[in-house]
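# Coordinate inspection notes
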Amino acid sequence: MRLLLIEDDQRMAETVAAALAESGHQVDIVGDGAEGFDRALNGRYDVVVIDRMLPGMDGLAVVAGLRDRDIKVPVLLLTALGSVSDRVAGLRGGADDYLVKPFSMVELEARVEALGRRSSGLSDALLTVGTLALDRMQRRVWRGDKLVHLQPREYQLLEMLMQNAPAVVTRMMLLEQIWRFRFDPGTNLVESHVSRLRTKIDRGGDPPLIHTIKGEGYAVRAG
């Protein structure tokens, strides 16, 4: 993907850009909000990553300006302001996702890649990974020729994992997208649902498809 990073902290910008480049992405760096706004308007980017507080033009103003001009590129907002009201302001201001500093590079990469897949129009009616198939029109799941009966949350969880496969989906991303939490409740909510889902999908002697990536999150991967 082609990414635009608007970040005035040069060291932070270089670190983020290096991590994203290692994942195969092309990253353009801009250190000023106004210049970044112009680049986002005139460049064709798959995702724009914007720092909240910028010289020249505030990060929220950049996002608002893009949306006012009907620029629909997905935006990930980076900020040190982590209160609920700050998160709400960013999302209501037009950002698609919100990540509070300091953050894990693994989570940043996962969120950027998820936004990129969303913007590419990934809306296939049938998602498949190995012998696992999910029909998004009928909301049905099969493992091989066996129909798997899932509860609504289990279905949402599997759909998100398969939509992002084979990439890692972090625990916080699942909490935000499925349970609408903007904070970590400190419970085993995700772990218990993944455990039940794994029991239904991977039982019966088939090679396991649902994987726990230690320290990162979860992924659906064949082989």
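In the block above lies the structure referred to throughout.
Residues numbered from 1 in each chain as written. Predicted model: local features only at pLDDT ≥ 70, side-chain atom pairs only at ≥ 80, totals over all residues. Heavy atoms only, no water.

## Digging into the nonpolar core
Core analysis: the largest hydrophobic core is formed by 30 residues, its most contacted members being Val141, Leu158, Leu174 and Val220. At the level of secondary structure, the elements contributing two or more residues to this core comprise helix H5 (105-119), strand E6 (126-129), strand E7 (132-135), helix H6 (152-164), helix H7 (171-178), helix H8 (189-202) and strand E11 (217-220). Looking at this core element by element, the count peaks at 6 residues for H6. Excluding anything up to four places from it in sequence, Val141 contacts Leu132, Ala133, Leu134, Lys146, Leu147, Val148, Leu150, Tyr155, Leu158 and Ile201. (Core = buried A, V, L, I, M, F, W, Y, C linked by side-chain atoms within 4.5 Å. Buried < 20%, exposed > 50% of the residue type's maximum accessible area, 1.4 Å probe, protein only. Helix = DSSP H or I, 4+ residues; strand = E, 2+ residues; numbered from the N terminus. Contact = heavy atoms within 4.5 Å.)

## Remarks on the sheet that holds strand E2 (residues 26-30)
Strand order in this open sheet of 5 strands is E2-E1-E3-E4-E5, and the pairing throughout is parallel. Looking at the sheet topology across the chains shown, the edges are occupied by E2 and strand E5 (97-100). Averaged over neighbouring strand pairs, the angle between their axes works out to 20 degrees when direction is ignored. The sheet contact formed by strand E3 (residues 47-51) and strand E4 (residues 75-79) spans 4 bridges and is parallel. (Pairing = 2+ DSSP bridges. Axes fitted to C-alpha atoms, helices over the stretch in contact; angles between N-to-C directions.)

## A short note on the pattern of salt bridges
Enumeration according to the criterion identifies 13 salt bridges in this entry. Notably, a salt bridge pairs Arg39 with Asp28, separated by 3.6 Å at the nearest N-O pair. You can see Arg39 sitting in helix H2 (residues 33-42) and its partner Asp28 sitting in strand E2, a full 11 residues away along the chain. With a closest N to O distance of 2.8 Å, Glu191 and Arg171 form a salt bridge. Of this pair, Glu191 sits in helix H8 while Arg171 sits in helix H7, and the two are 20 residues apart along the sequence. Judged by its relative accessible area of 31%, Glu191 is partly exposed. The class for Arg171 is buried, based on a relative accessible area of 18%. (Salt bridge = Lys/Arg side-chain N within 4 Å of Asp/Glu carboxyl O.)

## What about H7?
The buried count for H7 comes to 7 of 8 residues, which makes it a mostly enclosed element. Listing the buried residues of H7 in full gives Arg171, Met172, Met173, Leu174, Leu175, Glu176 and Ile178. Just downstream of H7 lies Arg180, where phi reads positive at about 65 degrees.

## A word on the pairing of E3
Of all the 5 residues making up E3, 5 are buried; the element is thus mostly covered by neighbouring parts of the structure. Burial along E3 is two-sided: the face carrying Val47, Val49 and Asp51 and the face carrying Val48 and Ile50 are both buried. Summarising the sheet, strand E1 (residues 2-6) and E3 pair through 4 bridges and their orientation is parallel. By the bridge assignment for E3, Ile6 is matched with Ile50. Taken together, E3, helix H3 (residues 59-68) and E4 form a β-α-β motif whose crossover is right-handed. (Right-handed = clockwise from strand over helix to strand, strands pointing away.)

## Quick word on the side chain of Asp51
Within the secondary structure layout, Asp51 lies in strand E3. What makes Asp51 buried here is its relative accessible area of 5%. For Asp51, the side chain forms a polar contact with the side chain of Lys101, separated by 3.0 Å. The contact partners of Asp51, leaving out residues within four places of it in the chain, are Ile6, Glu7, Asp8, Gly59, Leu77, Leu78, Thr79 and Lys101. (Polar contact = N/O pair within 3.5 Å; in protein donor to acceptor, adjacent residues only side chain to side chain.)

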